[in-house]
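Residue-level structure breakdown
In case you want the letters, here they are:
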Amino acid sequence: MAAQSTESNAILENLEAKLRADCQPGSALEEQAFQRYVWANYQCERVRILETLTEERWLANADAPQYLSALERIAKIAALHERRADRALRQLRLLQQDRFAAYEVQAELTLLGQDAPIPKSLPITEIRKSNLQRTNPNYLAQFLLYQTEEVKQIADEMLRNAKANPMPPQSVDDLLQWAKDQGL
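Residues numbered from 1 in each chain as written. Predicted model: local features only at pLDDT ≥ 70, side-chain atom pairs only at ≥ 80, totals over all residues. Heavy atoms only, no water.

Some remarks on the packing of aromatic side chains
Spelled out, the test is: Whether two aromatic rings pair depends on their centres lying within 6.5 Å, for rings of Phe, Tyr and Trp, where Trp uses its six-membered ring; planes under 30 degrees apart make the pair stacked, over 60 edge-to-face, and the rest tilted. Per the convention used, a helix needs a DSSP run of H or I reaching at least four residues, while a strand needs a run of E reaching at least two, with both numbered from the N terminus. Summary of the burial criterion: residues with accessible area below 20% of their type's maximum are buried, those above 50% are exposed, and those between are partly exposed, where the area comes from a 1.4 Å probe applied to protein chains only.
According to the stated counting rule, one finds 2 aromatic pairs in the structure shown. Arranged with centres 5.4 Å apart and planes meeting at 40°, the rings of W39 and Y42 form a pair that is tilted. With W39 and Y42 both in helix α2 (residues 28-60) and 3 residues apart, this pair spans about one turn of that helix. What makes W39 partly exposed here is its relative accessible area of 42%. Ring centres 5.4 Å apart and planes at 80° place the aromatic pair F100 and Y103 in the edge-to-face group. Separated by 3 residues within a single helix, F100 and Y103 lie in helix α3 (residues 65-111), roughly one turn from each other. In this structure Y103 comes out as partly exposed when scored by relative accessible area, which is 46%.

Given below as structure tokens:
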């Protein structure tokens, strides 16, 4: 039994290494989804072997109804593990989409000269899809910035200054210079 366990562990580790090269999880959340995906695939492989053995026994003993019954149960178990693998891979892909969308938002934050943490669980891809205004990474970057108290205070101060010193209409160059002077 211990030898079989060692062999199973080696198969699982080999599968994990192969899938890791393809999936490349980049965070703890992605790693969890990846581990669920690996485990479900490993279980699928084990069930396939069991299914093949049971089918061979059933074909050799077509008169024995227990083999057909066992084959049906094994097929249900195989379908369960396949659904688990599909769900885990779908979750991993969603997390990776959000990670790459977060890179765009982080780039916008950097351009704004700010740094705001972006939670790994934030569904940035869905947020960007939900509102056309939010498709711009700059919008999300500014949204994240305004969640910090320091930035809220700076924004309030800038708003008070703008109300106290309204800017008359000017040329585009003057407007750009004013924005730079204001630190925008």
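Following the structure, the description resumes.
Here we look at α2
Going by this rule: Here the expected length of a helix is defined as 1.5 Å per residue gap, with one fewer gap than residues.
The end-to-end C-alpha distance of α2 is 48 Å, a good match for the 48 Å that 33 residues give at a rise of 1.5 Å each. Looking only at α2, the buried set comprises E30, A33, F34, Y37, V38, A40, N41, Y42, Q43, C44, V47 and T54.

Focus on the confidence of the model for the protein chain
Inclusion rule: Along the chain, pLDDT gives the predictor's confidence residue by residue, from 0 to 100.
For the protein chain, per-residue confidence averages 81 on the pLDDT scale, and residues scoring 70 or more make up 73% of the total. Per-element confidence in the protein chain ranges from a low mean pLDDT of 67 for helix α6 (residues 149-164) to a high of 93 for α2.

Here we look at the nonpolar core
What counts, and what does not: For this analysis, a nonpolar core means a set of buried residues of the types Ala, Val, Leu, Ile, Met, Phe, Trp, Tyr and Cys, connected via side-chain atoms within 4.5 Å. When checking whether two residues touch, look at their non-hydrogen atoms; a contact exists if any pair is within 4.5 Å.
Grouped together as the largest cluster of nonpolar side chains are 14 residues, with contacts concentrated most on L19, C23, F34, Y37, V38 and L92. Residue assignment for this core shows that the elements contributing at least two residues are α1 (2-23), α2 and α3. When residues no more than four places from it in sequence are discounted, the contact partners of C23 are F34, Y37, L92 and Q96. V105, L109, A116 and I118 belong to the second largest nonpolar core, which has 8 residues in total.

Some words on the pattern of salt bridges
Using the following cut-off: Throughout this description, the term salt bridge denotes a Lys or Arg side-chain nitrogen within 4 Å of a carboxyl oxygen of Asp or Glu.
Tallied over the entire structure, the rule returns 4 salt bridges. Notably, a salt bridge pairs R20 with E31, separated by 2.8 Å at the nearest N-O pair. With R20 in helix α1 and E31 in helix α2, this pair connects stretches of sequence that are 11 residues apart. We classify R20 as partly exposed; its relative accessible area is 30%. With a relative accessible area of 23%, E31 lands in the partly exposed category. Here R99 makes a salt bridge to E30, at a shortest N to O gap of 2.8 Å. Of the two residues, R99 sits in helix α3 while E30 sits in helix α2, which places them 69 residues apart along the sequence. A single network of salt bridges, built from pairs that share partners, joins E16, R20 and E31.

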